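# Structural features, examined
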Amino acid sequence: MTRWEPPSLPSGEEPPLSALEITETECRQCGTLIAGLNGRYACPLCGWVNDHLEGHSALPTAQDDPDHPGKRPRRAAQRKSRLI
């Protein structure tokens with residue numbers, strides 16, 4: 001089996017999002033053991049969800065998302081530049 005290593009970033013550049021940590025707790029409503037990311041949980045059995053402010057770290061903003069529409073040119077602008 002080959003271990004996959006993420007590509008290295010250029011020197012001085014930080015990763016866009018912080019590392020995610022898988023955490024576990026008991027559901028406050030039904031007691032089922034559930035797992036979540038960075039202290040944010042949702043129970044698949046009863047539907048209980050903890051408040052997002054209870055997490056271990058701040059949530060990333062939309063601008064931190066590499067797929068955010070504001071980070072790439074719109075398709076119409078791309079087509080227009082090809083025609084000129």
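This is a predicted model, so every value here is computed, not measured. (Residues numbered from 1 in each chain as written. Predicted model: local features only at pLDDT ≥ 70, side-chain atom pairs only at ≥ 80, totals over all residues. Heavy atoms only, no water.)

So, about the pairing of strand E2 (residues 33-37). Every second residue of E2 is oriented toward a common face, the buried set being Ile34 and Gly36 and the non-buried set Leu33, Ala35 and Leu37. The pairing of strand E1 (residues 22-26) with E2 spans five bridges and is classified as antiparallel. Paired with Thr23 across the bridge in E2 is Gly36. Hairpin remark: E1 followed by E2, antiparallel, with six residues in the connecting loop; positive phi at Gly31, about 85°. (Buried < 20%, exposed > 50% of the residue type's maximum accessible area, 1.4 Å probe, protein only. Helix = DSSP H or I, 4+ residues; strand = E, 2+ residues; numbered from the N terminus. Pairing = 2+ DSSP bridges.)

Quick look at the confidence of the model for the protein chain now. Summary statistics for the protein chain give a mean pLDDT of 77 and a share of 62% for residues scoring 70 or more. The lowest-confidence element of the protein chain is helix H1 (residues 75-83), averaging 59 in pLDDT; the highest-confidence one is E2, averaging 92. (pLDDT = per-residue confidence, 0-100.)

Take unusual backbone geometry next. Not every positive phi belongs to a glycine, and Asn38 is a case in point at roughly 50°. Structurally, Asn38 can be placed in the loop between E2 and H1. Classification of Asn38 as buried rests on a relative accessible area of 8%.

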